[in-house]
Structures are given as C-alpha cells and as structure tokens.
Amino acid sequence: MRVDVDRTKCCGSGMCALTEPQVFDQSEQDGTVVLLCPHPLEELWDSVEECVRLCPSQAISLDGSALLTDRMP
Amino acid sequence: MTRTDLKPVRFPTERTCPFSPPPELTELRDEHPVHRLAYPDGAVGWLVTGHAAARAVLSDPRFSARGEHRRAAVGGGTPEPARPGVFIFMDPPEHTRFRKLFTGEFTVRRTRRIEPEVEKITAGRIAAMREMGPPLDLVREFALPIPSLVICELLGVPYEDHEFFQRHSEIMLDHERAMDEAVESYTLMAEFLSELVRRKRGKPQDDLLSRVAASDLTDIEAAGSAMLMLAAGHETTAKMLGLGTYLLLSNPDQLEMLRNRPELINGAVEEMMRYLSIVQFGLVRGATEDVELEGRLIREGEAVTVALSAANRDPGLFPDPDALDLSRDAGRHLGFGYGVHQCVGQQLARVEMRVAFRQLISAFPGLRLDVAPGEIETTRLASMYGVRRLPVSW
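All values derive from a computational prediction rather than experimental measurement. The numbers attached to residues start from 1 for each chain and follow its sequence in the written order. All chains are assigned letters beginning at A, and all ligands numbers beginning at 1, according to the order in which they are written. Note on the predicted model: pLDDT of at least 70 is required for a residue's local features to be given, and 80 or more for side-chain atom pairs to be given and counted; whole-chain, interface and lining totals, by contrast, use all residues. In computing side-chain values, all of the structure's heavy atoms are included and hydrogens and water are not.

Q: Give a description of the overall build of chain A that names residues and reports values.
A: When helices and strands are tallied, chain A shows 3 helices and 4 strands. Its helices and strands in sequence order give chain A the pattern β-α-β-β-α-β-α, from N to C terminus. The buried label applies to any residue whose accessible area, calculated with a 1.4 Å probe on protein chains only, is under 20% of its type's maximum; exposed applies above 50%, and partly exposed to all values in between. Per-residue burial for chain A yields a buried fraction of 47% across its 73 residues. Any pair of residues with heavy atoms lying within 4.5 Å of one another is described as a contacting pair. By sequence separation, contacts in chain A at least 24 residues apart represent 53% of the contacts at least 6 residues apart. Numbering of helices and strands runs from the N terminus, with a helix taken as a DSSP run of H or I at least four residues long and a strand as a DSSP run of E at least two residues long.

Q: Describe the interface of chain A and chain B, with residues and values.
A: One widely used convention gives an interface's size as the accessible area the parts lose upon coming together. Across the boundary between the two partners, chain A contributes 22 residues, which contact 24 residues of chain B. Using a 1.4 Å probe, buried area is obtained as the accessible area two parts lose upon being combined, added over both of them. Carbon and sulfur atoms make up 44% of the surface buried where chain A meets chain B, a total of about 1,900 Å² over both sides. N or O atoms closer than or at 3.5 Å make up a polar contact, with two conditions inside protein: a donor-capable atom paired with an acceptor-capable one, and, for residues adjacent in sequence, both atoms drawn from side chains. The interface formed by chain A and chain B includes 12 residue pairs in polar contact (both at pLDDT 80 or more). Going through the elements one at a time, helix H1 (15–19), strand S2 (24–26) and helix H2 (45–54) of chain A are the ones with two or more residues in the side of chain A that touches chain B. Each residue is assigned to one of three groups, with Ala, Val, Leu, Ile, Met, Phe, Trp, Tyr, Cys and Pro labelled nonpolar, Asp, Glu, Lys and Arg labelled charged, and all others, Gly among them, labelled polar. Tallied by class, residues from the side of chain A that touches chain B come to 8 nonpolar, 9 polar and 5 charged.

Q: Talk me through the sheet that holds strand S10 (residues 391–393) of chain B; I want residue IDs and the actual numbers.
A: Residue and element names in this part refer to chain B. Two strands pair under a simple rule: DSSP has to find at least two bridges between them. Ordered in space as S4-S10-S9, the 3 strands form an open sheet in which the pairing is antiparallel. Whereas interior strands pair on both sides, the edge strands pair on one side only; in this sheet they are strand S4 (136–137) and strand S9 (368–369). Looking at chain direction, S4 and S10 are connected through 2 bridges and run antiparallel. Paired with Leu 136 across the two strands is Val 392, which belongs to S10.

Q: Give me the lowdown on the sheet that holds strand S3 (residues 63–64) of chain B, citing residues and values where you can.
A: Residues and elements named next belong to chain B. Judged by pairing direction, the sheet is mixed, and its 5 strands sit side by side in the order S1-S2-S8-S5-S3 without closing on themselves. If you trace the sheet from one side to the other, it starts and ends with strand S1 (34–38) and S3, each paired once. Pairing of strand S2 (residues 44–48) with strand S8 (residues 303–306) involves 3 bridges; the strand directions are parallel. Counterpart to Val 48 in the pairing with S8 is Val 306. Fitted lines through C-alpha atoms give the axes, limited to the stretch in contact for helices. The angle between two N-to-C directions lies from 0 to 180 degrees. Sitting on the sheet, helix H2 (residues 51–58) is in contact with S1, S2, S3, strand S5 (283–287) and S8, with an inclination near 130° to S8.

Q: Give me the environment of Thr 8 of chain A: which residues, what numbers.
A: Residue and element names in this part refer to chain A. By the element assignment, Thr 8 lies in the loop between strand S1 (2–5) and H1. On the basis of relative accessible area, Thr 8 is assigned to the exposed category, the value being 73%. Taking C-alpha positions, Thr 8 is 9.9 Å from Ser 57, a pair spaced 49 residues apart along the chain. Here the side chain of Thr 8 touches Asp 6 through a polar contact of 2.5 Å, side chain to side chain.

This is the structure we're talking about:
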C-alpha cells in the first residue's frame with residue numbers, strides 16, 4: 001500500500017492524526033496533514049483505510065486500493 | 001431524474017423522545033433521503049437526511065456555505081453576506097485564508113497540550129459543586145463554565161476578565177433572557193474582544209488571539225473570528241455536557257459500563273455526538289449550479305438543508321441506530337459536520353468532553369436527577385439542542 005496526501009485539499013480536521021498517529025501528523029503552522037510514512041506496515045492498513053473514510057476533505061488517497069473500494073458501503 | 005413528485009415538507013420538529021430526532025424526520029430518511037423542503041420564508045429547497053447524501057452535499061464545492069445562501073429550516077434568519085471574520089459563512093478561497101489560521105491552533109498535538117488545563121478547570125468545578133452540595137443545576141455549575149473557562153484560556157483572556165467573560169457569554173446564550181439583555185451582552189463581548197485584539201497586537205503573548213492579531217487579518221476580522229470561536233465553542237460543548245449527562249443518567253446500564261470501563265470514554269464521546277446530534281435543524285448550503293443528487297435534480301440557487309441528526313441515525317451505516325451503545329464504533333458520525341467546514345475546534349471539544357464526563361462520573365458515583373425526567377425542559381426550538389437546566393443530586 002502506498003499513501004498519498006494532498007495538502008491543498010486538507011482542511012486540518014485532524015481525524016487522520018487522531019486515528020493513525022504512526023502514519024499521519026499535522027503541521028504545527030497550519031494544521032494540515034503531514035505524511036510520516038508513505039508505505040505503512042500491513043498491520044496499519046485497516047486504520048489507514050479508516051482515515052481515508054474519516055477525512056472530511058478527501059485529502060488522503062491510497063494506491064492499490066481495490067481492497068478499500070470493495071469494502072466501501 | 002424527478003423533481004415534481006415530492007410535495008415539500010416542513011422541517012419536522014416534534015420529538016417523542018428527548019434524545020432522538022423527530023420520528024417524522026427519520027421516516028423521511030427511510031423513504032426519501034433527499035426530499036423537497038418548504039422553508040419558513042416561502043422558499044422551496046431540499047432536505048437531505050441520508051448519511052451518504054449528507055456527505056456528498058457537505059463535501060461538494062458546488063454547494064456553497066456563503067451567508068447569502070443561509071436560510072433557516074426552522075425559525076428566522078435572513079440570507080446575508082458573512083460578517084468580517086465569520087468564515088463559516090464563506091467559501092474557499094476566502095474561507096481558506098481564515099481557516100488556515102485556526103487549524104494550526106487546534107491540532108491533535110496542540111489540544112493534548114491544553115488537556116492538563118482542561119483537567120484543572122474541570123476539577124475546579126467539581127470542587128465547587130462539592131462545596132455547594134446537592135441539589136444543584138449541573139448546567140449552571142458544570143456544563144456552562146467549563147467550556148467558557150477553556151475558551152478564556154485558549155484565547156488568552158486575562159484572569160481578571162474571566163468573570164466578565166463568563167457572565168456575558170452566559171447571558172448571550174440564555175434563551176429566557178429578554179432580547180435586549182442578550183443583545184447588550186453580545187455588544188459588550190464584541191467590544192471586549194476588539195479591545196483585547198488591540199492589546200494583543202501591542203503586547204503579544206503565547207495564545208491564539210495574539211497569533212491571530214499578528215496575522216494579516218484586520219482588527220475587525222480578528223475580533224469577528226474571536227467572536228466566532230466563542231459562539232462555536234461555548235454553547236456547543238455546554239449543550240453536549242448538559243444533555244450528555246442527562247442521557248447517561250437515563251441509561252444507567254450504559255453509565256455503569258462506562259464507570260467500569262473508563263477506557264471506553266473516547267468512543268463513548270463519539271457515540272454521544274452521534275446519538276444526540278445537537279445541531280438539531282442541520283446545516284444549510286446553496287447550489288451554485290444544477291447538481292444531481294441520488295436521482296434528484298437540485299437547481300442552481302436552491303437551498304439544501306442537511307439534517308445531521310437523521311444522517312447520524314442512518315441504519316445503512318450504524319446498525320440498530322436508535323440504540324445507545326457507548327462501546328460501538330461511531331467514528332463516522334457527522335456531529336461535527338463534514339467537508340471543509342467541519343468543526344475546526346473538534347479536537348478540543350473531544351478533550352473537553354472526555355475530561356468532563358470522566359471526572360464527573362468518577363467524582364459522583366451516586367449522581368442522579370433531582371426531578372422527574374418529564375420535568376426537564378429542553379431547548380426545543382433553539383438551533384442548538386440541549387437542556388435548559390439539569391437539577392442533580394448525589
């Protein structure tokens with residue numbers, strides 16, 4: 001899995017940093033997303049996918065995300 | 001695409017349970033998650049009650065949050081441009097200029113740093129309650145002062161002004177007061193915050209208002225934003241603490257579970273946000289072009305009201321949605337909104353709720369209502385739903 005973030009879309013809600021702090025952080029200046037780890041370990045995939053679902057501005061995307069789309073309601 | 005087969009409805013307001021949205025509203029969601037809505041001013045727009053449709057509207061830039069589209073589904077309110085600094089009624093890029101200033105103030109890390117202060121403020125209120133002894137009104141002694149003191153801390157209101165700040169922010173929110181009294185407090189508070197911005201500009205300190213004052217915002221914009229922080233951060237959290245306590249006391253098994261398993265508090269707060277959805281008449285947007293939404297054609301210029309309370313009870317996303325389950329995963333609730341306008345202070349609100357409920361539950365194991373449940377009056381017609389008073393004993 002590869003994680004991508006779009007800081008121009010990010011509205012700084014902090015949901016990702018709250019949900020998976022091993023992968024996401026927030027900038028001290030403007031609160032926008034900081035990607036700590038673009039290739040997270042498999043054990044973190046579920047929570048990274050949850051971050052994608054929780055993000056209110058669709059600023060996080062995943063590569064090879066067939067799994068995710070399958071599970072989306 | 002159809003648009004003529006639905007007869008516009010009024011936004012339903014009749015609750016049958018103090019903790020649940022009006023049944024008419026949730027029935028509407030099950031039949032037509034996107035329905036025609038008749039606004040009190042005569043306009044006809046749309047009422048969105050399904051979770052998926054709600055998310056679609058709130059995250060689509062074709063639906064504008066500008067003040068010009070602001071049309072209350074219940075009560076008054078006239079569409080008018082946003083006042084300076086009140087960025088919840090602006091769209092990007094205008095909105096972004098303000099939002100960026102505040103997101104850095106409310107990061108997960110920054111709010112964790114405020115947590116010890118929230119603990120201290122809460123402990124102070126618990127001590128005061130103990131000293132007063134039962135019975136007392138939990139809204140007045142606990143739910144209202146905690147967020148007010150936290151905002152003082154956050155904005156950097158000098159200690160000697162805390163009493164003034166608390167008194168007037170309380171009067172502003174008191175729906176039973178005469179209108180002129182509330183307006184007077186509002187004016188005094190606006191003047192106080194403008195003056196404070198000027199002082200912070202002259203002598204900056206380590207607080208939010210100093211950083212806002214040092215930004216490219218004008219004095220009027222900075223004061224408007226400070227007023228918005230107060231309006232958005234006080235009544236909301238206060239209502240959640242008051243109504244949330246009422247909810248816990250009415251569900252003793254859930255309260256017991258939380259008491260025995262304090263580690264559930266984070267999820268419990270999300271579930272209470274989902275269950276109570278205190279922004280009871282929803283959020284409004286205006287279509288800036290024709291948009292198709294779940295088979296309905298929304299025309300440019302039409303208003304769309306997103307009923308968060310109905311979306312938060314959508315069985316498609318939350319199994320057995322009308323059951324309160326503090327151990328469920330309610331993470332995808334829309335209690336803080338969704339999209340670029342999602343509550344900028346949500347991480348702080350979470351800290352306040354977690355700390356306040358945790359301390360309250362552990363300090364008063366015998367906490368109970370001091371009146372019959374039927375006697376508890378709710379703010380039925382205020383846009384922010386909650387209890388007016390909550391007489392408790394222990």
